[in-house]
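# Breakdown of the fold
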Amino acid sequence: MPTIDLHTHSLVSDGTASPRDLVHAAAGAGLDVIALTDHDTTAGWAEAAASAEEAGIALVRGIEVSTRFRGAGVHLLVYLPDASEPALGDELARIVAGREDRVPAMLARLRELGIPATEDALAAVSGGNQVTGRPHVADLLVHLGVVAHRDEAFARYLSDGGPAFVDRYSADLLDMLARVEEARGVAVIAHPWGRGSAAVLDEPALGLLREAGLAGVEVDHLDHDAAQRAELRAIAGRLDLVVTGASDHHGTGKTGHDLACETTAPDQLDRILRRAADLGSPTALVGAVR
Ligand SMILES: [Zn+2]
Ligand SMILES: [Zn+2]
């Protein structure tokens, strides 16, 4: 039976490995299928696709989009969309621009707090990352010795309402679902009951989102405990939503999320592939599922 991990990040967003190294690490970890889902960008797709062929594993090209629903942040995994579709691409560009404006504002707040958080210091820490965001500011705080690790940086400075927190643009979830449909992609909510979105993503809300084009929910994620998984799985069954599982791997940027620590059942991947094909997406699976 193939081993499938449908949610990972490279250094194109906030992971620590290049797309090529990530794909090879996935093959080394025994995965047969990996999805690359960097935040709000498809910039890693080409390198990952070429590497999947080298490494002999299958690749699902995806994105993890930052959206907002009823006041809460919701991450939406979008699989196999037509990346050239402006309805999707224009909105991704707005999200990335919003995040880029936000970083200098957060650095300014930190400097007001007496922390030498300069743009140059951030550039030295974020290295090759094309999308900079809060995780890189967190890494900078670690680098400066202000905190011991990313989690402490978020808890003390960067989380919503924290002293260096700055709000930013994120897409409206319902609007994004419509754009995903136009781009013929398959939408799955990432860690729906992790990090504050549990309150808004109850069964009636998920039902409404399904009507708006949602295809599935990520159930097996480290943010969910056993009881949450059982309940989400039952809801997904009643709403006929695809159930996925994934590591949300960020390289060494996030501890505990090793590649393949959570996986997706092959029949659920089939549902995603079939849906993309039915929608006529030009973005196919790279390689074949062994
Ligand atoms: Zn996420
Ligand atoms: Zn993620």
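Residues numbered from 1 in each chain as written. Chains lettered and ligands numbered in written order. Predicted model: local features only at pLDDT ≥ 70, side-chain atom pairs only at ≥ 80, totals over all residues. Heavy atoms only, no water.

### A short note on the overall build of the protein
Counting secondary structure elements, the protein contains 10 helices and 8 strands. Here the C-alpha atoms of the protein give a radius of gyration of 18 Å, agreeing with the 19 Å that 2.2 N^0.38 yields for 290 residues. By principal-axis analysis of the C-alpha atoms, the protein measures approximately 55 × 45 × 40 Å. When each of the 290 residues of the protein is scored for burial, the buried share is 55%. At a minimum sequence separation of 6, the contacts of the protein that also span at least 24 residues come to 74%. Counting every atom, the protein has about 11,500 Å² of accessible surface; 51% of that belongs to carbon and sulfur. Considering the protein, the positive charge centre built from 25 side chains and the negative charge centre built from 43 side chains are found 2 Å apart. (Helix = DSSP H or I, 4+ residues; strand = E, 2+ residues; numbered from the N terminus. Rg over C-alpha atoms; globule rule 2.2 N^0.38 Å. Buried < 20%, exposed > 50% of the residue type's maximum accessible area, 1.4 Å probe, protein only. Contact = heavy atoms within 4.5 Å. Areas by Shrake-Rupley, 256 points an atom, 1.4 Å probe, with all protein chains shown as cover. Lys, Arg positive; Asp, Glu negative; His and termini not counted. Charge placed at Lys NZ, Arg CZ, Asp CG, Glu CD.)

### A closer look at the coordination of the zinc ion (ligand 1)
Note on the zinc ion (ligand 1): its protein donors are E64 (OE), H75 (ND1) and H191 (NE2). The metal-donor distances range over 2.1 to 2.2 Å. As a motif over one chain, the donors of the zinc ion (ligand 1) read E-x10-H-x115-H. The distance between the zinc ion (ligand 1) and the zinc ion (ligand 2) is 3.5 Å, with E64 acting as a donor to both metals. Of this pair, H75 sits in strand β4 (residues 72-79) while H191 is found in the loop between β6 (186-189) and α8 (203-211), placing the two residues 116 residues apart along the sequence. (Donors = N, O, S within 2.8 Å, 3.2 Å for Na, K, Ca; no water.)

### Notes on the nonpolar core
Judged by nonpolar contacts, the single largest core of 47 residues is most densely connected at L76, I189, L201, L206, L209 and L214. Setting aside chain neighbours within four positions, we find L209 in contact with F69, L173, L174, L177, I189, L201 and L214. (Core = buried A, V, L, I, M, F, W, Y, C linked by side-chain atoms within 4.5 Å.)

### What to know about the packing of α8 against helix α9 (residues 226-239)
The contact between α8 and α9 brings their axes to 11 Å, and the two run at 40°. When the axes of α8 and α9 are compared, the pair comes out oblique. With respect to the hand of their crossing, α8 and α9 are arranged in right-handed fashion. Each of E203, L206, G207 and R210 in α8 lies in contact with α9, whose residues at this interface are L232, I235, R238 and L239. (Axes fitted to C-alpha atoms, helices over the stretch in contact; angles between N-to-C directions. Parallel < 35°, antiparallel > 145°, perpendicular 65-115°, else oblique. Left-handed = near helix turned anticlockwise from the far one by under 90°.)

### A closer look at the coordination of the zinc ion (ligand 2)
Protein-derived ligands of the zinc ion (ligand 2) are H7 (NE2), H9 (NE2), E64 (OE) and D248 (OD), with the metal-ligand distances lying across 2.1 to 2.2 Å. Around the zinc ion (ligand 2), the 4 donor atoms are arranged such that angles at the metal cover 79 to 168°; this shape is classified as irregular. One chain supplies every donor to the zinc ion (ligand 2), and in sequence these donors are spaced H-x1-H-x54-E-x183-D. (Tetrahedral: all angles 85-135°; square planar, octahedral: opposite > 155°, others 65-115°.)

### So, the pattern of salt bridges
This model, assessed by the stated rule, comprises 16 salt bridges. A cluster of three or more residues bridged by salt bridges with shared partners is formed by E91, R94, D175 and R179. (Salt bridge = Lys/Arg side-chain N within 4 Å of Asp/Glu carboxyl O.)

Shape is all these values report; function is a separate question.
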